[in-house]
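Read off the chains here:
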Amino acid sequence: MTTRRVLLVLIGAAALSVGLIATSQLGARDREEAPAAVGETHSSLAGIPQRGLVLGDPNAPVTLVEYADLQCPYCAEWAARTFPALVSGYVRTGKLRIVFHGLAFIGPDSDTALRTALAAGRENRLWDVVAGFYARQGAENAWVTDDLVDDVAVEAGLDAGRLQDARDESWVSEELRAAQAAADAAGVHGTPSFQLGRTGGALELVQLRSLGPEGMTPAIDALLRR
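One structure accompanies this document, and this report is about it.

Calculation rules
- Residue positions are counted from 1 within each chain, in the order its sequence is given.
- At least 70 in pLDDT is required for a residue's local features to be given in this predicted model, at least 80 for side-chain atom pairs to be given and counted, and no such filter applies to totals for whole chains, interfaces and linings, which use all residues.
- The basis for every side-chain value is the complete set of non-hydrogen atoms in the structure, without hydrogens or water.
- Each axis is a line fitted through C-alpha atoms, and for a helix only the stretch in contact is used; angles between axes span 0 to 180 degrees, taken between their N-to-C directions.
- A run of DSSP states H or I qualifies as a helix once it reaches four residues; a run of E qualifies as a strand once it reaches two. Both are numbered from the N-terminal end.
- We call two directions roughly parallel when the angle between them is under 35 degrees, roughly antiparallel when it is over 145, roughly perpendicular when it lies between 65 and 115, and oblique otherwise.
- Each helix crossing is assigned a hand: it is left-handed if the near helix lies turned anticlockwise from the far helix by less than a right angle, otherwise right-handed if that turn is clockwise.
- Any pair of residues with heavy atoms lying within 4.5 Å of one another is described as a contacting pair.
- Note that Gly is not counted as nonpolar here; it falls among the polar residues with everything else outside the nonpolar set of Ala, Val, Leu, Ile, Met, Phe, Trp, Tyr, Cys and Pro and the charged set of Asp, Glu, Lys and Arg.
- The salt bridge criterion pairs a side-chain nitrogen of Lys or Arg with a carboxyl oxygen of Asp or Glu, the two atoms within 4 Å.
- Burial classes follow relative accessibility: with a 1.4 Å probe on protein chains only, a residue under 20% of its type's maximum area counts as buried, one over 50% as exposed, and anything between as partly exposed.
- Note: two strands are recorded as paired if DSSP finds a minimum of 2 bridges between them.

**Some thoughts on the packing of helix α6 (residues 126-136) against helix α7 (residues 146-155)**
Next up, step 1: With their axes 9 Å apart at the nearest point, α6 and α7 run at an angle of 135° to one another. By the angle class used here, α6 and α7 are oblique. In terms of crossing hand, the pair formed by α6 and α7 is right-handed. For the pair formed by α6 and α7, the contact residues are V129, G132, F133 and R136 on the first element and L148, V149, D151, V152 and E155 on the second.
Next up, step 2: Counted by class, the contact of α6 with α7 contains five nonpolar, one polar and three charged residues.

Listed below in structure tokens is the structure:
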């Protein structure tokens, strides 16, 4: 394990803002294992409605908001271990909708990847692009190349040139600012972080104690029983 680590902060840990959190890389073994499994989630999204930042039935009774940096290895691990279980057990069955709020604090590759994902959201393919980036996550600020973006776009069924052109549109920058504002308002101090609640009601930060499904599904089940 390297000496520098992304600070996966359990909600409520002290920090001033997402942008100030120290970051690093997982060890080689952890980095290889987590993103490898994420690639399997790409096809699992087939047939599930997407609209902008939202995955799932807009009328689902429970909403989960995810705050993530696409360079964050812990985000990739959560996506590999927990996201597929939520998609198959809750999203696909109409019980849960997931909203993506992307943050870009690790470095320039975070910004490039996030802008690409947000641009894909305009074509209702954000979640496919997010999965594509996690599956290819590499060394910090040395992996989001134009060729890699092209591969992610093509895999998601999108025009790579159009997607890259859209990254610098003003509405993409506005969505970046909106996500950061939402994180600040929610008291998010690290990634991955989550808010959860009944759709249309108040959302609360999840006290995430595991990156596996057991860290999220009990809270979802409790809300579904209400």
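Structure shown, so let's carry the discussion forward.
**Comments concerning the pattern of salt bridges**
Pairing is possible between side chains that carry opposite charge, provided their charged atoms lie close to one another.
Next up, step 1: For the coordinates displayed, the defined rule picks out four salt bridges.
Next up, step 2: For R115, the salt bridge identified is with D111, shortest N-O distance 3.1 Å. With a gap of four residues between them, R115 and D111 both fall in helix α5 (residues 108-121), about one helical turn apart.
Next up, step 3: A relative accessible area of 28% places D111 in the partly exposed class.
Next up, step 4: With a shortest N-O distance of 2.9 Å, R162 and E123 are connected by a salt bridge. Of this pair, R162 sits in helix α8 (residues 160-166) while E123 sits in the loop between α5 and α6, and the two are 39 residues apart along the sequence.
Next up, step 5: R162 gets classed as partly exposed once you look at its relative accessible area, which sits at 44%.
Next up, step 6: On the basis of relative accessible area, E123 is assigned to the partly exposed category, the value being 29%.

**Quick notes on the sheet that holds strand β2 (residues 54-55)**
The strands making up a sheet associate through backbone hydrogen bonding, with each pair oriented either parallel or antiparallel.
Next up, step 1: Spatially, six strands are ordered β1-β2-β4-β3-β5-β6 in an open sheet, and the strand pairing comes out mixed. Each of the sheet's edge strands pairs with one partner strand only, and the pair in question is β1 (50-51) and β6 (204-205).
Next up, step 2: Relative to strand β5 (residues 193-198), strand β3 (residues 62-68) is paired through six bridges, and the arrangement is antiparallel. In the sheet register, T63 faces β5, and the bridge partner there is G197.
Next up, step 3: Relative to β3, helix α9 (residues 170-186) is tilted by about 105°, and along the sheet it contacts β3, β4 (96-102), β5 and β6.
Next up, step 4: Taken strand by strand, helix α10 (residues 217-224) contacts β3, β4 and β5, and its axis lies near 15° from that of β5.

**Looking at unusual backbone geometry**
Outside of glycine, negative phi angles account for most residues, and trans bonds account for most peptide bonds.
Next up, step 1: That bond from T191 to P192 is cis: its omega, -5°, falls within 30 degrees of zero.
Next up, step 2: Note on placement: P192 falls in the loop between α9 and β5.
Next up, step 3: Of note, N124 is a non-glycine position whose phi angle comes to about 60°, a positive value.
Next up, step 4: The topology assignment puts N124 in the loop between α5 and α6.
Next up, step 5: According to the relative accessible area criterion, N124 is partly exposed, its value standing at 28%.

**Topic: the pairing of β5**
Next up, step 1: Within β5, five of the six residues are buried, which leaves it mostly tucked inside the rest of the structure.
Next up, step 2: Relative to β6, β5 runs antiparallel, the two being bridged by two bridges. Counted as the bridge partner of L196 is E204 from β6.

Just geometry here; none of it tells us what the structure is for.
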